[in-house]
Amino acid sequence: MHSKIDLFSLTSNQLEGYLQMRDASPRHANTIMDWIYRRGHHDYQGLTTLSPQLRNELTNSVSITSLPVYASERDNDGVVKWQFTVQGGVIETVFIPSRGRGTLCISSQVGCALNCAFCATATLGWRHNLSAAEIIGQVWTARQLLKEAGNPTPITNVVFMGMGEPLLNFGAVATAIRILIHPFAFAIPRRRVTVSTAGVVPGIHLLRPPLDVSLMLSLHSARDAVRNTLVPLNKKYPIATLLDACQRYLKENSTRWITIAYTLIEGINDSIEEARQLLTLLNTTTFKINLIPLNTFSGSPFRTPSTLRIDRFRTELCRAGYRVTVRTPRGNSIDAACGQLIGTNTQRNKHIIACT
Ligand code: SAH
């Protein structure tokens, strides 16, 4: 018995190739994607524009696999967090509705290898790279579940800010992006798909058209000495190298700006002096800045700065003409606010927060 291919791991080109190998028209790829992704069907049987033979062939060899829900929670503010079972463990996916926009925060790995000092996922270590099917499975399954629950806000944005470092699972993430942006699949505009990276420079270079989605760089400090302690990957790709990669990204892609994620940690990177160093470093408003007040978790030595300190930091950047947003924690009461993704009780040794 041969094993099935997973539809969620096939780009449109690969689906066309599959059809051609079976002497079917490659144009059916769009019809199939439209049926499964846009209309949300989970089998091929109603696809009457295809021959019964092709429908059977697809049923027998191309599976449509939604992810099994391990647990789910809904917060009063409309945020929904699912834990899905995947190979190698449990991942978390978070839906954040806000003013007509529906952002889905997805995971790219079970655990993470980067060991950032303030991130709860780091306590898991790296467990498993998700397949493209497991990444797309999060989007397809979340959309079905939201629909079944009568949720009025559609998924309009997808951010790779859940568990894991997306650019260390490049192949699967690239396939997933192609499916997310394809007009007959999820049809999400590229600027509404965001890859957040701790600074994997070779991965940034690989994000070439059509994969030139919105990029978020988790910087957290303008000084290598500080960043080395927060994001150990900085020792491999220091700040100057990262900024070069960003400038190249802006030059070679249609994206007009990069967002700097800056998690504010009391006494570590939240002084006015640090804000000024950030201004000197960036020196161009092709960067937006997203300040994330630290989400603490038990066992973490770090603290969240006071509202006053956060506001001073923000004001210093705003005065220089930057577009600065302060991320408000969402889904707090269900541990789905920025930073708590860890999975099941067996995986979990501390609270983990998903990043919104
Ligand atoms: N590995 C990727 C994406 C996952 S984390 C990256 O580093 O960008 C998504 C964002 O949440 C990153 O900017 C990360 O630095 C931030 N983050 C992680 N833990 C946090 C915490 N406890 N509080 C606030 N932000 C956190």
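Computed from a predicted structure; not experimentally measured. (Residues numbered from 1 in each chain as written. Predicted model: local features only at pLDDT ≥ 70, side-chain atom pairs only at ≥ 80, totals over all residues. Heavy atoms only, no water.)

Peer 1: What should I look at first to understand the nonpolar core in this one?
Peer 2: Side chains of a nonpolar character, in soluble globular proteins, are inclined to be buried together. With 105 residues, the main nonpolar core has Leu7, Ile32, Tyr37 and Phe160 as its most contacted residues. Among the domains, domain 1 (5-63) and domain 2 (69-334) are the pair contributing at least three residues each to this core. In this view, Tyr37 contacts Leu7, Phe8, Ile136, Trp140, Arg143, Ile179, Phe184, Ala185 and Phe186; residues no more than four positions away in its chain are not counted. Judged by nonpolar contacts, the second largest core, of nine residues, contains Val159, Met161, Ala261 and Ile292. (Core = buried A, V, L, I, M, F, W, Y, C linked by side-chain atoms within 4.5 Å. Buried < 20%, exposed > 50% of the residue type's maximum accessible area, 1.4 Å probe, protein only. Domains from an automatic or database assignment. Contact = heavy atoms within 4.5 Å.)

Peer 1: Teacher, can you tell me more about the domain arrangement of the protein here?
Peer 2: Often, the extent of an interface is quoted as the loss of accessible area on bringing the components together. The domain boundaries assigned to the protein delineate domain 1 (5-63) and domain 2 (69-334). Inter-centroid distance (C-alpha atoms) of domain 1 to domain 2 is 33 Å. If you look at the interface, domain 1 gives 16 residues, while domain 2 gives 16 residues. When residues of domain 1 are sorted by the area they lose upon contact with domain 2, Phe8, Tyr37 and Arg38 head the list and together hold 46% of the total. (Buried area = accessible area lost by both parts, 1.4 Å probe.)

Peer 1: In this structure, what is going on with the packing of aromatic side chains? I would like to understand it.
Peer 2: The way to describe two aromatic rings as a pair is by their centre distance and the angle between their planes. Taken as a whole, this structure holds five aromatic pairs when the rule is applied. With 5.8 Å between their ring centres and 35° between their planes, Phe8 and Tyr37 make a pair best called tilted. Within this pair, whereas Phe8 is found in the loop between β1 (5-6) and α1 (12-21), its partner Tyr37 is found in helix α2 (residues 28-38), the two being separated by 29 residues in sequence. The exposure class of Phe8 is buried, given its relative accessible area of 0%. With a centroid separation of 6.2 Å and an interplanar angle of 15°, the aromatic rings of Trp82 and Phe84 are classed as stacked. The class for Trp82 is buried, based on a relative accessible area of 4%. (Phe/Tyr/Trp six-rings, centres within 6.5 Å; stacked < 30°, edge-to-face > 60°. Helix = DSSP H or I, 4+ residues; strand = E, 2+ residues; numbered from the N terminus.)

Peer 1: Any chance you could explain the side chain of Glu92 here in plain terms?
Peer 2: In this fold, Glu92 is placed in strand β5 (residues 89-98). Looking at Glu92, its side chain comes within polar contact range of the side chain of Gln83, at 2.5 Å. (Polar contact = N/O pair within 3.5 Å; in protein donor to acceptor, adjacent residues only side chain to side chain.)

Peer 1: Just checking my understanding: could you explain helix α5 (residues 170-181) for this structure?
Peer 2: For an α-helix, 3.6 residues make a turn, and residues three or four places apart therefore share a direction. Across its 12 residues, α5 extends 16 Å between first and last C-alpha, which sits within 8% of the 16 Å expected from 1.5 Å per residue. By the criterion of burial, α5 is predominantly enclosed, with 10 of the 12 residues buried. Residues of α5 that are buried include every one of Phe170, Ala172, Val173, Ala174, Thr175, Ala176, Ile177, Ile179, Leu180 and Ile181, and no others. Elements in contact with the buried residues of α5: α2, α4 (132-148), β9 (157-160), β10 (193-197) and α6 (201-206). (Expected span 1.5 Å × (residues − 1).)

Peer 1: Would you mind showing me how to read the sheet that holds strand β6 (residues 101-105) here?
Peer 2: Strand pairs in the sheet, formed through backbone hydrogen bonds, run parallel or antiparallel to each other. Taken in spatial order, the 10 strands line up as β3-β4-β5-β6-β9-β10-β11-β12-β13-β14 in an open sheet, and their pairing is mixed. Every interior strand has two partners, whereas the edge strands, β3 (69-74) and β14 (323-326), have only one. The sheet shows a mean angle of 20° between the axes of neighbouring strands, direction not considered. Judged from the five bridges that link them, β3 and strand β4 (residues 80-86) form a sheet pairing that is antiparallel. Directly across from Arg74, in β4, lies its bridge partner Val80. (Pairing = 2+ DSSP bridges. Axes fitted to C-alpha atoms, helices over the stretch in contact; angles between N-to-C directions.)

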